[in-house]
Amino acid sequence: MADRTFGWVQEAYTLGNLKNVVSVFVPGSEINRLLCTDKIPRLITEKDGRDIFISELSTEEICIPYTHLKGKGTPTGYTRSNAPCSGIIQAVLPGQRKEYQSDWPADSFLRWAVSVGFLEYSRSKDVCCISGLGQEYAMSLEGSEEEAQVLKTAFLSYPPVCRVMTLLGEEEHLTKFEIGARLGFIGEAGFTSIPQYMILEGLLEAETKEDKTKLLQDTEGTSDKYVRTICSWLMQMGWISKVPKEVTSNAYGSLSSATIPQSYKLTLKGRTVLKHTTGVSRFAKIPKRVMWDMLATKVADREYLRNRRTHIIKYLEGSYRSPAQIKEYLKSKGLKEEAETILDDIRSFENIGLQVKKSGDTYRIMDEILGLDLPEEAEFKLPVKSEVSVFKDYLRTHLAHVDHRYLILVDLGFDGSSDRDYEMKTAELLTTELGFKGARLGDTRKPDVCVYHGNNGLIIDNKAYGKGYSLPIKQADEINRYIEENKERNEFLNPNKWWNIFDQSVTHFRFAFISGSFTGGFKDRLNLISMRSGICGAAINSVNLLLMAEELKAGRLDYEEWFEAFDCNDEISFPLDLI
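Reading the values: rules and limits
Residues numbered from 1 in each chain as written. Predicted model: local features only at pLDDT ≥ 70, side-chain atom pairs only at ≥ 80, totals over all residues. Heavy atoms only, no water. Helix = DSSP H or I, 4+ residues; strand = E, 2+ residues; numbered from the N terminus. Rg over C-alpha atoms; globule rule 2.2 N^0.38 Å. Buried < 20%, exposed > 50% of the residue type's maximum accessible area, 1.4 Å probe, protein only. Areas by Shrake-Rupley, 256 points an atom, 1.4 Å probe, with all protein chains shown as cover. Lys, Arg positive; Asp, Glu negative; His and termini not counted. Charge placed at Lys NZ, Arg CZ, Asp CG, Glu CD. Phe/Tyr/Trp six-rings, centres within 6.5 Å; stacked < 30°, edge-to-face > 60°. Lys NZ or Arg CZ within 6 Å of the ring centre and 35° of its normal. Axes fitted to C-alpha atoms, helices over the stretch in contact; angles between N-to-C directions. Parallel < 35°, antiparallel > 145°, perpendicular 65-115°, else oblique. Left-handed = near helix turned anticlockwise from the far one by under 90°. Contact = heavy atoms within 4.5 Å. Nonpolar A, V, L, I, M, F, W, Y, C, P; charged D, E, K, R; others polar. Pairing = 2+ DSSP bridges. Right-handed = clockwise from strand over helix to strand, strands pointing away.

*Asks:* Give a detailed account of the overall build of the protein, specifying residues and quantitative values.
*Replies:* When you go through the protein residue by residue, the secondary structure sums to 24 helices and 17 strands. For a compact globule of 579 residues, the expected C-alpha radius of gyration is about 25 Å, and the protein comes in at 26 Å, within 12% of that figure. Dimensions along the principal axes, computed over C-alpha positions, put the protein at roughly 80 × 55 × 50 Å. Burial status across the protein gives 55% buried among its 579 residues. When the accessible surface of the protein is split by element, carbon and sulfur atoms take 49% of a total near 25,200 Å². Each charge sign in the protein was given a centre, from 73 positive and 83 negative side chains, and these centres are 3 Å apart.

As structure tokens, this is what we get:
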């Protein structure tokens, strides 16, 4: 089975290009003829599939392998800017400096076409062909009422579009980050959003207009990218408009404000269209297209999670069920889950755009669901739950006060490519959720995170590692340097003066390393740092950090005791019998 991730789309914006991609599958269409007679003969070599591609596009019923559509990545010896064209959809999409684009945009447009139902994808054969709706779209005149109706049906069948529009319908005016924070599966890798207050702090610190523009363009999480992409479609449809929003924050102890341009409002046309998502009055409700692939994206055991969520959706479609009933149903399918995990999935179904209704302690999915089936292999081979998911399930039963969206820290702590997200989410947990003062610093020659409360301060180094963090001597030296800089507070030692994050009342400092897990001789390095610096510190993994956060927020631990836990020069285990 090919590893495809349909259902979530980034970096595919233009409706005209989408129509060309779909029209490729219509024999004799303008783009089909252009490909066969001009573009493919000129742009693609025989070695890269030229003759095979032309043959596939010349059949009466066009069905093409996904690899032939997407093409190959950048070959050795080439850069993305000069890589040869190697796929049919690459040749369809015009580039900025050449006639074609790379395999990444080609894949994005294919995901888009499949996700909204214009193309049908065979998982067993790994091929795409056009759907009935796609045929209608390809044959409709550009700008016609027929085209608008087909696009409306396609987009409103796509749950994330409904989620974005529903949020705008409820709250009038939202930024990309405000929407992104509520799009996707709760506390799960693959659905990150930059906390808006951090964006605001960055805008307030930016010295030039160019710095502000760069911050807004370059700083976004995965869910924020999905929002930006979806909103580009909706603006082209005339359903939403882009209206800059002034947002405020209590950063640095005073009320400050800045403008975020990527902010959106529903238009009058959009408000009318929104009624189709719930079937209000005379507005027919459009069935939702849910693909198995969209039910988990980046996590290690995504096949397991996709299967579990598929079973739950099918069980809740058309009938009210309690978490206890769902638990028993999953057990009959070979899946052992707790009620808290089931409830997080149900809340997440709303976050991806499904309509969930609660009656007493029971839940029902009110949508008619299309396209959701387990892969044939999944019916015979039961995927295994990962250790990370086991930890998160344990935490769900213990976190009664801490928001479950912070469960993503468990995923991020083991993802070596997510350092920035790990730092930001740690800072958000400590400041927004737990009430510490401080922030993520995370730039060159600065600690990752610094927080304080009363006269206690903590200098934090976040480390996301896939197989455990051993605290190499280089990182021990680095945090020791930060400790010394904080003691001296001499701008000649470090002109960025990062220590100003701490209030002058903070006099008692500690250090901390936070990671997914720890291994090797990290305890020796903790003791070495303490001996050299004269202050104490500790290591704590993501699971124990969240358990400790729960104790603090529940009132079973006070702030003084929280800081004292870092005096051990060892790993903090909270509670001791968990890990």
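Once the structure has been displayed, the description carries forward.
*Asks:* Describe the packing of aromatic side chains, with residues and values.
*Replies:* Per the counting criterion, the structure on display carries 29 aromatic pairs. Over the ring of Trp292 we find Arg306; its NZ or CZ atom is 4.9 Å from the centre of that ring. In this structure, Arg309 packs its charged tip against the face of Phe185, placed 4.1 Å from the ring centre.

*Asks:* Provide a residue-level description of the packing of helix H21 (residues 473-488) against helix H22 (residues 522-533), including the pertinent values.
*Replies:* Describing two packed helices takes the angle between their axes plus the distance from one axis to the other. Put simply, H21 and H22 touch, their axes get as near as 10 Å, and they point 25 degrees apart. Comparing their axes, H22 and H21 come out roughly parallel. For the crossing formed where H21 meets H22, the hand is right-handed. Residues Ile473, Ala476, Asp477, Ile479, Asn480, Ile483, Glu484 and Lys487 of H21 form the contact with H22, whose participating residues are Arg525, Leu528, Ile529, Arg532 and Ser533. Residues belonging to the contact of H21 with H22 are distributed by class as follows: 6 nonpolar, 2 polar and 5 charged.

*Asks:* Describe the pairing of strand E7 (residues 256-260), and please don't skip the residues or the numbers.
*Replies:* Covered by surrounding structure in E7 are Ser256, Ala258 and Ile260 only, the residues Ser257 and Thr259 on the alternate face being uncovered. Examined bridge by bridge, strand E6 (residues 245-249) and E7 share 5 bridges and lie antiparallel to one another. Bridging from a neighbouring strand, Glu246 pairs with Thr259 of E7.

*Asks:* Tell me about the sheet that holds strand E2 (residues 119-122), and please be specific about residues and values.
*Replies:* One open sheet accounts for 3 strands, arranged E1-E3-E2; its pairing is antiparallel. Each edge of the open sheet is held by one strand with a lone partner, namely strand E1 (63-65) and E2. Neighbour-to-neighbour, the strand axes of this sheet turn through a mean angle of 25 degrees, independent of strand direction. When E1 meets strand E3 (residues 127-130), the two strands line up antiparallel, connected through 3 bridges. Paired with Ile64 across the bridge in E3 is Cys128.

*Asks:* Describe the pairing of strand E16 (residues 508-515), and please don't skip the residues or the numbers.
*Replies:* The buried fraction of E16 is high, at 7 of 8 residues. Pairing analysis gives 8 bridges linking strand E15 (residues 456-463) to E16, with the strands arranged parallel. Bridged to Ile460 within E16 is Ala512. Once you follow E15 into H21 and on to E16, the crossover reads as right-handed. As a crossover connection, the stretch from E16 through H22 into strand E17 (residues 537-541) is right-handed.

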